[in-house]
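One-letter residues, chain by chain:
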Amino acid sequence: MKSDCTNHELRLAGEYIHHTDCHLFLTGKAGTGKTTFLHHIKKGSAKRSIVTAPTGVAAINAGGVTLHSFFQLPFGPFIPGSEAHERTQWRLHRFSKEKRRIVQGLDLLVIDEISMVRADVLDAVDAVLRRQRRDNRPFGGVQLLMIGDLHQLSPVAAREEWRLLSQYYESPYFFSSHALSQVNLITIELKHIYRQTDEGFIRLLNCVRENRLDGSVIAELNRRYIANFTPEEDQGYITLTTHNATADEINSNRLRALQKKELHFNAEISGEFPEYAFPTPATLRLKEGAQVMFLRNDSSLNKRYFNGKIGRIKSISRSTILVECPGERDAIEVEPVEWENIKYTLNPESKAIQEEIVGKFKQYPLKLAWAITIHKSQGLTFDKAVIDVRAAFAHGQVYVALSRC
């Protein structure tokens, strides 16, 4: 989706970010353009800003860094006034001069996938900003742009962690942050759905999202249930499932069943690029006939593929991978691409915050795609999917899975 100048909510959100210091929560259903808005702000804002996200993969996809790595937060629960808090304060003294200057010059903090950020993590960020900026206003006076959908994936709080945190917080969600309760938060909901156009399907998704399943919705969902369904190899179906082990087992079994030679492609990794943020395996195991998914948008003028597009390997050699996609006459010759791991630096002359590339991961933008976890599918779009949510364990998983279509 390109920038939509007719979308009132998108325009309004841009005005708030460009021309005010108001804290903004940008939300909306799946497919309403939240990620696209983030990329426009990243490219077009004159403010000194950084982009963060709660997980490594989300940060790489957003072109930013993780909250924990940038603010040097411990992974345990954050309780103001506790010994753990004091240890955190000691860690803050270890900020490099460069990072202190970045924080002190910061105008705008963008947090993507805010639905997965716990309340105590946001308070920990608040503590860092107040201390490093020597400014006791909430978040040290930095403007927040939080992007996400509370009906999608939720924050993770282990039972023992929540037993402790529940003494201080009403819920694990970011909006229960003590610091956030001290600010006037503007909420803008994007309403135009770009991903889906079928009004009946949109109504069904809304009912699942809002837990308003009536008899007709359940009947419509059940109508799409096909017992023992096994898609044909060339149909381009992907199974969305709840657990990594299930997705890995499906992919490994389907790859093993192909009576073709298996080739391995090793990524070129340079500098700092942690394994948890790898966008695809460091060693890709592929065969002719394997079903794969593209993990990037095609940056060439041809725009042959996009992030989430499904295809099948037509031919493969040490130097060439050809992928054919359903309904397309010509196969796509795939080239390796680079993902960048960035950190923020401060230009000593202009005092502008700049992105410094500290690591690169070069690999074919593919992964086996007979199956993928729902968590890793967030932000992607599929034409044909088998949805296995019998073992759903988190709020929003079923909605996220259905809304990928």
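Residues numbered from 1 in each chain as written. Predicted model: local features only at pLDDT ≥ 70, side-chain atom pairs only at ≥ 80, totals over all residues. Heavy atoms only, no water.

### Overview of the sheet that holds strand 6 (residues 185-190)
Move 1: In space, the 6 strands of this open sheet follow the order 3-2-4-5-1-6, with parallel pairing throughout. Edge positions in the sheet fall to strand 3 (65-66) and strand 6, since each of these pairs with one other strand and no more. (Pairing = 2+ DSSP bridges. Helix = DSSP H or I, 4+ residues; strand = E, 2+ residues; numbered from the N terminus.)

### Here we look at the packing of helix 6 (residues 97-104) against helix 7 (residues 119-133)
Move 1: One can describe the packing of helix 6 onto helix 7 by two numbers: an axis separation of 9 Å at closest approach and a directional angle of 100°. It follows that helix 6 is roughly perpendicular to helix 7 by the angle criterion. Facing helix 6, whose interface residues are Arg100, Val103 and Gln104, helix 7 presents Leu129, Gln132 and Arg133.
Move 2: Here the contact of helix 6 with helix 7 is built from residues that sort into 2 nonpolar, 2 polar and 2 charged. (Axes fitted to C-alpha atoms, helices over the stretch in contact; angles between N-to-C directions. Parallel < 35°, antiparallel > 145°, perpendicular 65-115°, else oblique. Contact = heavy atoms within 4.5 Å. Nonpolar A, V, L, I, M, F, W, Y, C, P; charged D, E, K, R; others polar.)

### Looking at the pattern of salt bridges
Move 1: One pass over the full model with this rule turns up 15 salt bridges.
Move 2: In this structure, Glu288 and Lys260 form a salt bridge, with 3.8 Å as the shortest nitrogen-oxygen distance. Of this pair, Glu288 sits in the loop between strand 10 (283-286) and strand 11 (291-294) while Lys260 is found in the loop between helix 11 (244-257) and strand 8 (263-266), placing the two residues 28 residues apart along the sequence.
Move 3: Note on Glu288: relative accessible area 32%, which makes it partly exposed.
Move 4: Among the ionic pairs, Arg285 bridges to Glu262, the shortest N-O distance being 3.1 Å. Of the two residues, Arg285 is situated in strand 10 and Glu262 in the loop between helix 11 and strand 8; the sequence distance between them amounts to 23 residues.
Move 5: Overlapping salt bridges, with partners in common, bring together Arg118, Asp120 and Glu161 in one network. (Salt bridge = Lys/Arg side-chain N within 4 Å of Asp/Glu carboxyl O. Buried < 20%, exposed > 50% of the residue type's maximum accessible area, 1.4 Å probe, protein only.)

### Some remarks on unusual backbone geometry
Where the residue is not glycine, phi is negative for most of them; where a peptide bond is considered, it is trans in most cases.
Move 1: Positive phi outside glycine occurs at Phe139, with the angle close to 60°.
Move 2: Structurally, Phe139 can be placed in the loop between helix 7 and strand 5 (143-147).
Move 3: Residue class for Phe139 comes out buried when judged on its relative accessible area of 0%.
Move 4: Of note, the phi angle at Asn228 is positive, near 55°, even though the residue is not glycine.
Move 5: One can find Asn228 in the loop between helix 10 (215-223) and strand 7 (238-241).
Move 6: Residue Asn228 is classed as exposed on the basis of its relative accessible area of 77%.

### Looking at the nonpolar core
Nonpolar side chains in soluble globular proteins tend to end up buried together.
Move 1: Of all hydrophobic cores here, the largest spans 49 residues; its most connected members are Phe71, Leu109, Leu129, Leu145 and Met146.
Move 2: The element best represented in this core is helix 7, accounting for 7 residues.
Move 3: One finds Phe278, Leu295, Ile310 and Val323 within the second-largest nonpolar core, a separate group that totals 43 residues. (Core = buried A, V, L, I, M, F, W, Y, C linked by side-chain atoms within 4.5 Å.)

### Considering the packing of aromatic side chains
Move 1: Evaluation of the coordinates by the stated rule reveals 11 aromatic pairs.
Move 2: Look at Phe265 and Tyr364: their rings are 5.3 Å apart centre to centre, the planes differ by 75°, and that puts the pair in the edge-to-face class. Residue Phe265 is found in strand 8, and its partner Tyr364 is found in the loop between strand 16 (353-363) and strand 17 (366-368); the two are separated by 99 residues along the sequence.
Move 3: A ring pair is formed by Phe278 and Phe361, whose centres lie 4.9 Å apart and whose planes are at 40°; its orientation type is tilted. Separated by 83 residues along the polypeptide, Phe278 in the loop between strand 9 (268-271) and strand 10 and Phe361 in strand 16 bring together distant segments of the chain. Neither Phe278 nor Phe361 differs from the other in exposure class; each is buried.
Move 4: Through a chain of ring-to-ring contacts, three or more aromatic side chains come together here, namely Phe25, Tyr173, Phe174 and Phe175. (Phe/Tyr/Trp six-rings, centres within 6.5 Å; stacked < 30°, edge-to-face > 60°.)

Keep in mind that these numbers describe shape and distance, not what the molecule does.
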